[in-house]
Every structure is written in C-alpha cells, then in structure tokens.
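Now for the letters of each chain:
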Amino acid sequence: MTVRQITVSSLKQLKNAVIGNPSAKLSLVRDSAFIHLLVSCLNHPITPSTREPQGSQDDIRIEAVHVISSLAYGSETTLSSLLRANAHQEIVRALTNPHALNVPQLKAALARGLRVLASSMADVVGPSLGPMSTYTPEHRAEAKVALKFLFEYECLDVYLPLLEDSSPHTSLSIAQLIGASVRTDTHRTAIIEWLPPSERQKEIKNRRGWEKHDVVYQAANGKHGAWVLRHLIAMIQRKDIKTQEAALSALGALVMDNPSVANILTKTPLEAGVPALNLVLAHAKSRVTAVQLAASLCATHIIRAQGNHHPGRLDHTAVLSVIHVVNRILSSSSEQPQNQIKACYTLYSLVRDENDFCTEAVDRGVLGNLASLVKSITPLENNCNWEIDEPESRVSLREAALKAIAAISLFDRVIKREVADTYDLMPIIQSCLTQKNVGVRCAACHCLRSLSRDTAVIRTNITDSGAGMALYQVFKKEDEDVRVTAASLATVCNLVNDFSPLRSVMLDDGLLPRLLQLFGMENQEIRVSVLWAIKNLLAKSVSRTKDLTMQHLGWPHLTELANDSDPEIQEQAFAILRNLTEDETGVSLVFESMGDDTLANCLSVGLDSPHELVTRETTYVLGHIANSSRSQQDLIFTHPHILDGMHNCLTDARPGTRVPLVGCLLTLLRTNPRRKRDLMEAGFVSTLRHLCERTGGSGPGGGISVSGSGSLAMSTSPVHQMHPSHLHHRQRHMICPENDKEAAVLAKQVLDLMDPSIIGEVL
C-alpha cells in the first residue's frame, strides 16, 4: 500500500485500512518515505492538495497520530519503522507547541499516541508484565534508547504536567503511559522525584544546603513533594471508571519494589483523609472487574514492597482482599480471558517467593480454581490442528495459569503433591512441554522445576509419568528458545540429585556434553545453572560419576572457575569442589588432580573473597580436608596464607560461615592434636574466646550435628536451594549473640581441646 498524498480523507481511509490488519500495516511501513512524511506532518505543514479539500492542519495531525498509534500496536517491523522516523520525539515536540495545547482534540490524540508508543517500547525492552514475547536484540536495543529518551527530565517536563489537564482524555492517557511503561527503578525514580519546573525552583530555594532532594521524604513529613503520586491519588478518587483504573495501574507501577513509596501509601494521607492503601483496597471491591484487577495489582505491589523492607510485617488483610478478587475471577466461567490472564499475573506477583502467601492462597481454594481453569483450556490429545485454530487469548491464559501454579507450588511439599496427585496436573504440564507457544513451554518447565524440589514427587510422579524425560528432551533441543532452555536447565538441576532415579539415565544420555555446550553460551544465568547442575550431579556420587564429570569439565577449567571474577560462578566452583571432596576417595582425587599448590591457591582465593557465599563454600571444602588424612590436613598448615585466611574469615564472616569454619577447627584438633600449637600461634584462641564471650555460649547448641569424627554434618541437597537473588558481602566482626550460638558451642569445644584453662570463668 503506497500513499503519496496526506490529506484528512486519505489518512482516515488509511486508518480504517490498518486497524486490526497486520498485513496492511506491514505493507504500509515498507514505504519508508511515506512513514517519515507521516511523522513529519505532526510538526510541519502539509502542502494542500489541488484535487480535494485539504482540511485543517489540526485535523491532519490528529488523523496522522491515529495512524501512528495503530502502527505502534503492530509487529516488530512496524514499531521499528516508527522509531527510525523518530515518531516518539516528534510527538513530544508537538506537545510543546502552545497551539497544540490549546486544541483539546489534538492534545488528547498526541497524548494517546505517546502512550501507545511508550507502552509498545516498554513491552519490547521489558521486563515483561504479561505473556512472553520474542524480539531481536537489535530491536530491543533500538527500543531501549527510545524509551530512555521519554524518561529524560526534558521530556517529563512536557507530558507529566498533562496529568492535571482539564481534558479527561489527555490526563487519562498520561496515567496509562505511566502504568504501562514504567518497568525499572530508574524510571520509577525519575517519575516520583519529578516536580513541575516552577515548584522545582521553589524547592531548591527553600532547601538548605545540607538537605537532600528527597520528595518521598518530604511527602512523608507533610511537606510539598511527590507531585505525581499526589495527582494519581486524586485521580483514583474520581468517579470515571477508566480514570480510576489508569491511576491505580500507574500507582502500582511506581510502588513496585519501592519500599519508601509503599511506606507513604500505607501510612501517610496524601490528597485524601486516609492513606492511599485504604483507597486502593476500597476499589478492590468495585463492581467493575477492570478496576478490581487494577486495585488488586496495586495493592499487591504495595504489600510486597513493604514486605521486602520489613520482613515478617506483611499485611494479611490486604493479602486476603487480593486473593478474594483473584479467586472470583478465576472461578467464573463467564469471565473474559483477558481478565483471567490479569488475575493470574496478579496472583503470581503476590505469591512469588513468599511461602506464607502461597499457603494462604491454597487454603482459600486458589489452586483448585487454577487447576480447573488450566484443564478446561488444555486438550491432552497430541493433535497439531487444535493449536493452529486456537485463540491467542487462550494460549496466553494457559501460560499465565501455569506460571501462577509454578509460583504457588515452589515451597510447600503438601502443595506440590496436591498439584501432582489431588489435581493430577502432571499430564497437562507434560503436554505443554511440546506446545508451539514459547511462553507455554517455558511455564511448563517452571512448573516441573517447582515440583521437582520434592523427593517423593521426583521418584513417583515426574519419573513414572515420563514428564522428567520429556523435559530432558526439551533441555537437549539445540534450537530451543534460550528462555525455555534456561527453565528446563533449572529443572534438570533438581533431577540430577542423588535421590533421583533419572540421574543415571540422563548421565548415560549425553547430559555432560550438553551441559558443557550450554556453558559456552554468553548467558550468565545459564552458565551459573550449568555449574549448579554439575554440583548436584556430584553430590553423594560414586567415583565413576566424579571421574566422568571431571573428564568433561577438566581440572584446569575448574581451577579457572574458582578464580573467576563473577562471584556466582566462583561460588558454584567451590561447591563442586565441596561435593568432590565429600569422602576420602574424593579428597585424594582432588589432591592428585589439582596438586597441593594449585589447590592451596584456590582455597586462599575463596577465603579472601568479599562475597559471603563464596567464602562459605570454601570453608566446607576445608572441613572435608580436615576430615581426611594427616598428610592432606598438612596442606592447611604448610601454606600459611590458608591459616591466615581462616582466621580473618572467622573474624569477619557471618554465622552461616563461622559454623562450618569452627567445625573445621574442631575436626583438625580431634584428629591431629599435634597441630594445636599452630592454631594457637595463628591467633585463633583470642578470636574463639571473644566469640564465646559475646554469645554466652555455655548452653547446648540447637541444630548442630557433629559427626563421629568431629566434622560438621552438612546437607548438600539442592532441592532446598535457590539461585541467590543477591550475594551477601562480608562485614567487619559483627558477632550477633543469637545467630552465633551454634558457632559458640563449637568454639567452646575447640578451646577445651586446646587447653581447658584458657576459658576460665567465662563460660
């Protein structure tokens, strides 16, 4: 489709032709000259046609931005063509024109066009707020640059003031823009801290030199600030349904993962007689489903942001309000699929990584409703035809429901068994592993990952049903989407545990070559997961498995990984060493294969790491060496930097690292008393004594298990381990009396073995 002239009538015809017509959109954007002309006419007059009435320039601009909005809803190609024509910049520029601001219809159209463009760009850049989509890296990079432009202060000064515009259509579009396009902390901060230029200057003049510019603090203390938050809260209280929904969505986007804003919305009345959370929960009882959902998601983000800042102080009343809304929508057979999709993602946001909320939701019947829903929309027959004709909304709903099931069943064993046995969802999940839609396949992998964190489910449901090997085939597929590969790999990590019947089957079916192939990818998440799988494969393994694994991984490579600059890679490398050395044969294998000096250097690096999890795994390796022969124990004493590192670690580390480290010292003294003087000269006596003094450690230690040989018993089952969301950094000598009681009990035993008189009257 080629359009050479731009008139009101031609643009209206074009708009009607492209709305809901992907092929027409693609045909249009192939004419790049016309797209540039279309965008250009937003700010530059068009030469009148001699064949038909030109119409006003305002009407042309209105129709042009309508066409741009329709194209922005299209494919990657159509959006990319608009970005290359700088459509986002031209719309912002048009909104700076005083004439446009005085024409309500033009202003509203421009605001809507900006909202659509911003929303489409945010969907490309991510993180996703809904069903999974696939974009090329080039398109994502292009959209990221364009989206960043919209959150620069100069742009915010153009469109954020329109939140208080007299035209409800204009203010509605700006609220929708915030709700749809704010995805990162940087964008949240930019919006929250923004003030109109006049108020910005006033705030600077009134601020004393030492005061920080913190509008959230100002709002919490009754001062002027948080301009956008105030206006959104005011919009929530209007009677217009769409305005309420948009303002609630925008408020939710701004409070997501933002404890300081959540604190204000929970405790501080802004533009109302009660805190904003009260208003939000009241809207969760609205008669309009769209408002209920927007309010529930907003409340969810407030609840979770508060919980992240104040663990254990979560608002269960608000949680129940959200669960009630979700339950009603999921259980309704007449509800629109789009609303059920939103309900699933709201539930996912609420219960994700929060065990108590998962249990609460299941107790209220949410899991049963999810199971019924996913069964009703997922045929078990292996028939390709039904997928071809299936509505997109149903596919997206299946993905959302599976994702919610995966989140809700992550922790509790009873819930996992309800999923597998009571609701018999294993056949559904297995069938979804091979479906055409990438989001459905990925969600099915996440379901199996959650379920495979339970021993009984692995041994029975996952193995017997064939779901485990079906997932393994997904894992082996080389042309699979990388997100599905990552999800299947995370499940394989659980399926290669020592209690899994599938460990040996996978090992004989090319597991190690595939893992090392994936490790070669430039994807940090996958690289860490590969090492995680190898670590689990080695846990409680026989010598044959250890030998075969190291033939593929390579001892020089393991040494490199132990010295890697990435702390997560380093942590897994030392965890692999930990599992290799869990018995005397394994310790001998490591000494023979690495050599004393190389092993000693690796241990020194691990002990000196500023990352707590790396140090902790290193201390476990040392504990295994301490439990081996005296000649192997001598490695610790003949390399002074190891002993020094152990002493520094004992001083600086957290309780989780002190316990295995003191256990290591206890084992060394019990099995090798002649080394007592070396430990005393290294300064351990005063440090251990200080630990006992601070904790009053005379009582028996709860939860400490010491083996007959004196080494600390350690569980290596990764069924109860998760990839860390962040790494804890060591801090200087902060001994907590409560948390260090276990270490203090062991420390007393160490001091007693050194010389009972050392403790005196302290304990």
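*Asks:* Any chance you could explain the pattern of salt bridges here in plain terms?
*Replies:* Oppositely charged side chains can pair when the atoms bearing their charge come close. According to the stated counting rule, one finds 24 salt bridges in the structure shown. Residue Lys476 pairs with Asp509 through a salt bridge whose shortest N-O separation is 3.3 Å. Taken together, the residues span a long stretch of sequence, with Lys476 in helix α30 (residues 467-476) and Asp509 in the loop between α32 (502-507) and α33 (511-519) at a distance of 33 residues. The class for Lys476 is partly exposed, based on a relative accessible area of 29%. For the salt bridge of Arg675 with Asp634, the shortest nitrogen-to-oxygen distance reads 2.8 Å.

*Asks:* Looking at this structure, how should I read the packing of helix α20 (residues 316-331) against helix α23 (residues 366-376)?
*Replies:* Two numbers describe how α20 lies on α23: the axes approach to 9 Å, and their chain directions differ by 25°. One way to sum up the angle between α20 and α23 is to call them roughly parallel. Read as a crossing pair, α20 and α23 show a hand that is left-handed. Mapping the contact onto sequence places Ile323, Asn327, Leu330 and Ser331 in α20 and Val366, Asn369, Leu370 and Leu373 in α23. When grouped by side-chain class, the residues that make up the contact of α20 with α23 number five nonpolar, three polar and no charged.

*Asks:* Is there a simple way to think about the nonpolar core in this case?
*Replies:* Among soluble globular proteins, nonpolar side chains are generally buried collectively. Core analysis: the largest hydrophobic core is formed by 249 residues, its most contacted members being Tyr159, Val228, Leu232, Met646 and Phe684. By residue number, the principal contributor to this core is helix α8 (residues 104-125), which donates 11 residues. Excluding residues that lie within four positions of it along the chain, Met646 makes contacts with Leu607, Leu622, Ile636, Leu661, Cys664, Leu665 and Phe684.

*Asks:* Is there a simple way to explain the environment of Ser465 in this structure?
*Replies:* Here Ser465 shows up in helix α29 (residues 455-465). Its relative accessible area of 34% is what places Ser465 among the partly exposed residues. Along the sequence, Ser465 and Gln430 sit 35 residues apart, while their C-alpha atoms lie 8.6 Å from each other. A distance of 3.2 Å separates a polar side-chain atom of Ser465 from the backbone nitrogen of Ala467.

*Asks:* Is there a simple way to explain helix α9 (residues 137-150) in this structure?
*Replies:* Residues separated by three or four positions in an α-helix point in the same direction, a consequence of the helix having 3.6 residues per turn. Along its 14 residues, α9 runs 20 Å from first to last C-alpha, staying within 8% of the 20 Å computed at 1.5 Å per residue. Every buried residue belonging to α9 is among His139, Ala143, Ala146, Leu147 and Leu150, and all of these are buried. Buried residues in α9, looked at end-on, bunch into an arc of 100°, giving them a common side. For α9, exposure combined with an orientation more than 90 degrees from the buried face picks out Pro137, Glu138, Lys144, Val145 and Lys148. Looking at the buried residues of α9, the elements they touch are α5 (76-84), α6 (87-95), α8, α10 (153-159), α11 (168-181) and α12 (185-192).

*Asks:* How should I be thinking about the confidence of the model for the protein chain in this particular structure?
*Replies:* Any segment with low pLDDT has predicted coordinates that should not be analysed in fine detail. Taken as a whole, the protein chain shows an average pLDDT of 87; of its residues, 86% reach a score of 70 or greater. Within the model, pLDDT remains below 50 along residues 50-55, and this stretch shows 11 contacts once partners closer than five positions in the same chain are excluded. This stretch, residues 758-763, has a pLDDT under 50; its non-local contacts, to residues over four places away or in other chains, come to 13 contacts.

*Asks:* Honestly, the environment of Arg30 in this entry has me stumped. Any pointers?
*Replies:* Its place among the elements puts Arg30 in the loop between α2 (22-29) and α3 (32-40). The spacing of Arg30 and Thr77 is 47 residues in sequence and 9.1 Å in space, taken between C-alpha atoms.

*Asks:* Would you take a moment to explain the packing of aromatic side chains for this structure?
*Replies:* A ring pair, where both rings are aromatic, is described by two values, the distance of the centres and the angle of the planes. Applying the stated criterion across every chain yields a total of two aromatic pairs. Look at Trp194 and Trp227: their rings are 5.2 Å apart centre to centre, the planes differ by 80°, and that puts the pair in the edge-to-face class. You can see Trp194 sitting in the loop between α12 and α13 (197-206) and its partner Trp227 sitting in helix α15 (residues 227-236), a full 33 residues away along the chain. An identical accessibility class is assigned to Trp194 and Trp227; each is buried. The aromatic ring of Tyr348 is capped on one face by Lys403, whose charged end is 4.7 Å from the ring centroid.

Thresholds, definitions, all that
Residue positions are given per chain, counted from 1 along the sequence in the order it is written. With the structure being a predicted model, the display of local features is reserved for residues of pLDDT at least 70 and the display and counting of side-chain atom pairs for 80 or more, all residues being used for whole-chain, interface and lining totals. Values shown for side chains rest on all heavy atoms present in the structure; no hydrogens or waters enter the calculation. For salt bridges, the criterion is a side-chain nitrogen of Lys or Arg within 4 Å of an Asp or Glu carboxyl oxygen. A run of H or I in DSSP becomes a helix once it reaches four residues, and a run of E becomes a strand once it reaches two; helices and strands are each numbered from the N terminus. Accessibility here uses a 1.4 Å probe with only protein chains present; expressed as a share of the type maximum, an area under 20% marks a residue as buried, one over 50% as exposed, and anything in between as partly exposed. In this description, a line fitted to the C-alpha atoms serves as the axis of each element, helices being fitted only across the stretch in contact, and the angle between N-to-C directions of two axes falls anywhere from 0 to 180 degrees. Working rule for angles: under 35 degrees goes down as roughly parallel, over 145 as roughly antiparallel, 65 to 115 as roughly perpendicular, anything else as oblique. In this scheme the handedness of a crossing depends on how the near helix is turned from the far one: anticlockwise by less than a right angle means left-handed, clockwise means right-handed. Contact criterion: two residues are considered in contact whenever any of their non-hydrogen atoms come within 4.5 Å of each other. Classification used: nonpolar for Ala, Val, Leu, Ile, Met, Phe, Trp, Tyr, Cys and Pro, charged for Asp, Glu, Lys and Arg, polar for all others including Gly. Here the nonpolar core consists of buried residues drawn from Ala, Val, Leu, Ile, Met, Phe, Trp, Tyr and Cys, with membership extended through side-chain atoms lying within 4.5 Å. Throughout this description, a polar contact denotes any pair of N or O atoms lying within 3.5 Å of each other; where both atoms belong to protein, one of them has to be capable of donating a hydrogen while the other can accept it, and for residues adjacent in sequence the pair is counted only when both atoms sit in side chains. To estimate how far a helix should reach, multiply one less than its number of residues by 1.5 Å. Arc definition: it is the arc formed by the directions from the helix axis to the C-beta atoms. Confidence scores labelled pLDDT are given residue by residue by the predictor and lie between 0 and 100. A pair of Phe, Tyr and Trp rings is counted when the ring centres sit within 6.5 Å of each other, with Trp represented by its six-membered ring. The angle between the planes then sorts it: under 30 degrees is stacked, over 60 is edge-to-face, the rest tilted. Both a distance and an angle decide whether a charge sits over a ring: NZ of Lys or CZ of Arg must be within 6 Å of the ring centre and within 35 degrees of the ring normal.

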